[in-house]
Amino acid sequence: MMKLQIANDRDRKEAQNRERRRQCELERRSRIFNARNRKIGVDVRFLERQVEEKRAERDEQERKNLAFAQQMIKDSNLAVVLEAREREERRRIGLEINEYRYRYQRPEDRREYDLNDPEVLKKQLPPRASDDNPVGLSSAQKFEGEDLNYEERKKIMAEQKNAWLEQQVQERKAAEEERKKAEEAYMMAIKSRDARASELDQLERECRYRLGQANLRYNEALAAERKQIKQILKEQEEADNTAEMYNNLTSDMLTENPDVAKSALGKNRAIGFMYKGMNQEELKKFYAAQKEQMAANKAKRDAADKMEAEWQALSKSIQREVARQDILDQRQRREMAKQLMEENQLLAMQQKEKEKYFKEVVYNNTPTDEYYSQFNTTTR
């Protein structure tokens, strides 16, 4: 017989609580996950205060704009009034300037008004008004080449001519007197010059005579002195030649004295410019020393040749050893390269196996969309 479980009050209350919690969760979910109806985290009072501040700022800006517009209207009206006052002031100043010009700057009061007078022709007198024979206005006033002031001009020219003639006469008299004075002064200067020239000529002749006598006496004394000096030099030269010949004949160079070539620095040293050569004994010693030097030089050359041969042999042995060592080094490098290549191949194989293991074993559990959809499904 099948047994049925009977629900008691406790089970009913538990079921009611679960249903109530489920409904609350559904309502909370619809409120939280709905972006349009969600209000969590919004400060309503702060938003209302922002709206009030914006409205107050807009009202303040409108008030400022209205005050600015009223001020602009007021400034415009004031500018119109000031502009009218300025035009009136300019007109008044222009009237005062014109009044001043009419009273104190009239054209007829100017200095050059006679040049710009429009009625100058009306004010001019007829051309022959000053002539003794005036003519009417309808007659010809003046002809080309006519001289109205001929008499006056002729009188003035005569007076001027007389004045010029008088002046010329006076100037000629003065020039004649000046010329005479100049001629007299010139003649006196010529006479004094001729007298001075004759005096200087006499003095010059006397000076030349005295100078000639003095030169003659000086030349005679100089010739005698030169003759005496020449004689003294000739006698001195003859004595010097005689002494030189005697000294050469009795000198150590011609007598070939070997003791002269000895140096004070040592008995084996000689003076080069006085050395006359070696004697037989010195030549024997020289030849013997030369043979000894030749033998010593030969021994040195033999020793040098032997040492050179030994160095050549040592160099060849060193070169052979170096070549053998190079061959061993190349062989070791080839072996090391082969070993390194084998180790790299082994590491590459291990790396491939490791990558294969991670790919096939470790990273085979790839997340699906079902895995990501389980998150963010409840409000708790």
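Quick caveat, the model's predicted, so the values are computed rather than measured.

### Considering the overall build of the protein chain
When helices and strands are tallied, the protein chain shows eight helices and two strands. When the elements of the protein chain are put in sequence order from the N terminus, they spell out α-α-α-α-α-α-β-β-α-α. When each of the 380 residues of the protein chain is scored for burial, the buried share is 3%. Contacts spanning at least 24 positions in sequence make up 24% of the contacts within the protein chain whose residues lie at least 6 apart. In the form shown here, the protein chain has an accessible surface area of approximately 37400 Å², with 54% of it arising from carbon and sulfur atoms.

### Description of the pattern of salt bridges
Note that side chains of opposite charge can pair when their charged atoms are close. With the rule as written, the count across this model stands at 20 salt bridges. Notably, a salt bridge pairs Asp 109 with Arg 106, separated by 3.3 Å at the nearest N-O pair. The partly exposed category is assigned to Asp 109, whose relative accessible area is 46%. Classification of Arg 106 as partly exposed rests on a relative accessible area of 38%. Between Glu 204 and Arg 208 there is a salt bridge whose closest N-O contact spans 2.5 Å. Taken together, the residues Glu 204 and Arg 208, both in helix α5 (residues 150–249) and four residues apart, mark about one turn of the helix. Among the residues examined, Arg 208 registers a relative accessible area of 57% and is labelled exposed. One network of salt bridges, in which partners are shared, links Glu 89, Arg 92 and Glu 96.

### Overview of the side chain of Asp 117
As for its position among the elements, Asp 117 is in the loop between α3 (113–116) and α4 (120–123). Separated by 3.2 Å, the side chain of Asp 117 and the backbone nitrogen of Glu 119 make a polar contact.

### Things to note about a negative patch on the surface
Residues Glu 235, Glu 237, Glu 238, Asp 240 and Glu 244 make up a contiguous surface patch of negative charge. Along the chain, Asp 240 turns up in helix α5.

### Topic: the packing of aromatic side chains
All chains considered together, the criterion is met by three aromatic pairs. Aromatic pair Tyr 357 and Phe 358: ring centres 6.0 Å apart, planes at 70°, arrangement edge-to-face.

### Topic: the confidence of the model for the protein chain
Looking at the protein chain as a whole, its pLDDT mean stands at 81, while 81% of the residues score no less than 70. Model confidence for the protein chain, summarised as mean pLDDT per element, is weakest for helix α6 (residues 252–255) at 60 and strongest for helix α2 (residues 44–104) at 89.

### Examining a nonpolar patch on the surface
Taken together, the side chains of Met 307, Trp 311, Leu 314, Ile 318 and Val 322 define a hydrophobic patch exposed on the protein surface, amounting to about 510 Å² of accessible area. In this structure, Leu 314 sits in helix α7 (residues 280–362).

Calculation criteria
- Residues numbered from 1 in each chain as written.
- Predicted model: local features only at pLDDT ≥ 70, side-chain atom pairs only at ≥ 80, totals over all residues.
- Heavy atoms only, no water.
- Helix = DSSP H or I, 4+ residues; strand = E, 2+ residues; numbered from the N terminus.
- Buried < 20%, exposed > 50% of the residue type's maximum accessible area, 1.4 Å probe, protein only.
- Contact = heavy atoms within 4.5 Å.
- Areas by Shrake-Rupley, 256 points an atom, 1.4 Å probe, with all protein chains shown as cover.
- Salt bridge = Lys/Arg side-chain N within 4 Å of Asp/Glu carboxyl O.
- Polar contact = N/O pair within 3.5 Å; in protein donor to acceptor, adjacent residues only side chain to side chain.
- Patch = residues over 30% accessible without salt bridge, like charges linked within 9 Å, V, L, I, M, F, W, Y side chains within 5 Å.
- Lys, Arg positive; Asp, Glu negative; His and termini not counted.
- Charge placed at Lys NZ, Arg CZ, Asp CG, Glu CD.
- Phe/Tyr/Trp six-rings, centres within 6.5 Å; stacked < 30°, edge-to-face > 60°.
- pLDDT = per-residue confidence, 0-100.

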